[in-house]
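Survey of secondary and tertiary structure
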Amino acid sequence: MPTIDLASVAEQLRCLGCTHLVWIPDSEIGGLETHLDRSIRLVRACREGEALAIAAGLLLGGGRPIVAIQCTGFFEAGDAFRNVVQDLKLPLFLLIGHRSRAAFEAGRSGDSAARYLEPILAAWELEYIVLRPGDDAAAIGELHARAQAGGFAAAVVIAE
Amino acid sequence: MRTDECLAKLAEFRTDEVVIAAMTSAVLWPAHGSHPRDLIYVPSTMGGAPALGLGLALARPEVRVIVLNGDGSMLMSLGCLVSIAEQAPPNLALVVLDNGMYAVTGGQPTPGAGRIDFAQMATAAGWRSARRLATPDAWAAALPELLRAPGPHFAQLTVAPEPTAITPPPEPMGDRLARLSVALGKR
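In this report, the structure presented in the accompanying data block is examined. Every chain begins its residue count from 1, and numbering advances along the sequence as written. All chains are assigned letters beginning at A, and all ligands numbers beginning at 1, according to the order in which they are written. Reporting of local features is limited, given that this is a predicted model, to residues whose pLDDT is at least 70; pairs of side-chain atoms are given and counted only at 80 or more, and all residues count toward the totals for whole chains, interfaces and linings. Each side-chain value is derived from all of the structure's non-hydrogen atoms; neither hydrogens nor water enter the calculation.

1. A look at the overall build of chain A
Secondary structure assignment for chain A yields seven helices and six strands. Along chain A, from the amino end to the carboxyl end, the secondary structure elements read α-β-β-α-β-α-α-β-α-α-β-α-β. Every radius of gyration here is taken over C-alpha atoms, with the globule rule written as 2.2 Å times N^0.38, N being the number of residues. Relative to the globule expectation of 15 Å for 160 residues, the C-alpha radius of gyration of chain A, 14 Å, shows essentially globular dimensions. Considered along the principal axes of its C-alpha atoms, chain A spans approximately 45 × 30 × 30 Å. Counting over 160 residues, chain A shows a buried share of 54%. In what follows, a contact means two residues having at least one pair of non-hydrogen atoms within 4.5 Å. The long-range share in chain A, meaning contacts at least 24 apart out of those at least 6 apart in sequence, stands at 68%. Helix and strand assignments follow DSSP, with helices taken as H or I runs no shorter than four residues and strands as E runs no shorter than two, numbered in order from the N terminus. When a residue's accessible area, from a 1.4 Å probe over protein chains only, is under 20% of the maximum for its type it is buried; when over 50% it is exposed; and in between it is partly exposed.

2. Overview of the environment of Ala149(B)
Residue and element names in this part refer to chain B. Position of Ala149 among the secondary structure elements: in the loop between helix H7 (136-148) and strand S8 (153-158). For the pair Ala149 and Pro90, spaced 59 residues apart in sequence, the C-alpha separation works out to 8.0 Å. Once you skip the residues sitting within four places of it in the chain, Ala149 turns out to touch Arg64, Pro90 and Pro144.

3. Observations regarding the sheet that holds strand S3 (residues 65-70) of chain A
Residue and element names in this part refer to chain A. Here the rule is simple: two strands pair whenever DSSP picks up at least two bridges between them. Overall, parallel pairing links the six strands, which are arranged S2-S1-S3-S4-S6-S5 in an open sheet. The sheet terminates laterally at strand S2 (41-44) and strand S5 (127-131), the two strands that pair on one side only. Across the sheet, the mean angle from the axis of one strand to that of its neighbour is 20°, orientation sign disregarded. With four bridges connecting them, strand S1 (residues 20-23) and S3 associate as parallel partners. Pairing of His20 across the sheet is with Pro65, part of S3. Between N-to-C directions, angles span 0 to 180 degrees; the directions come from axes that are lines fitted to C-alpha atoms, helices contributing only their stretch in contact.

This is the structure we're talking about:
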């Protein structure tokens, strides 16, 4: 069962003017699709690196995309992330589902996907916040506003 | 046919389309003239040019986008044939220059070199049109539809294997993106 209020997340995306949600769903944020209205176009990608490149094209064209993927896909998308953020210097904004985070923090999981996400985000010098169950989804809009104003890429890590 | 011959023919027909050129095309396309709507996509995401083109085509439906890709790059991102077909942007054309090799790394064969029918894959994925062409005349005959008719269109051009040394673009990526942005105008 989802632990994040996905209706509130969808409302945040609407409020910040998101034009396209480019995604590969995971078990936590997969239900977001049912909360989207027609103001946001859903773009389904086959791999996460592809999702980031699609978002780059949208940004170049003046769109306001958000990419939603799981942390495992973020690992796969390293080359695309490097190119879009470091070479093209585009203000990519991501929602990243953090698989097994809660269990890992409680010492009940050895899932390497949980262990390595934050070190890798740090290595990529990506600014991020962690959204835990019960947190106010308004934090998404606040980070997005700062990232847009500063012209930098950022991510919301959604704890699972 | 030769890759450069294909690009020369495209340059002849091209008007105000965005042209995204990756890998071998990125090296050879600038010799056919400078256009503010060119994006020489170097450095790139490996295999990412079609996805970049999809995003741009979705953001700017009034702008025609042409992506020049290689067969090695296409193999790295075959899934995007499906992603593009699902979105079905009528303003996108993807051209795969199939030389059967990784031309910029010394000419090593790509997997399945010479045997892969990308056009059939695109057809199966649901593209509006997909064709496999092997002669300059056939390419020239296909160009009007690719550039003018509603797409998305796919073309696989069988070209001669010619190793190509990758050369850095003459200006920084930031300058290239800024010029493209100005050329596209406000959204």
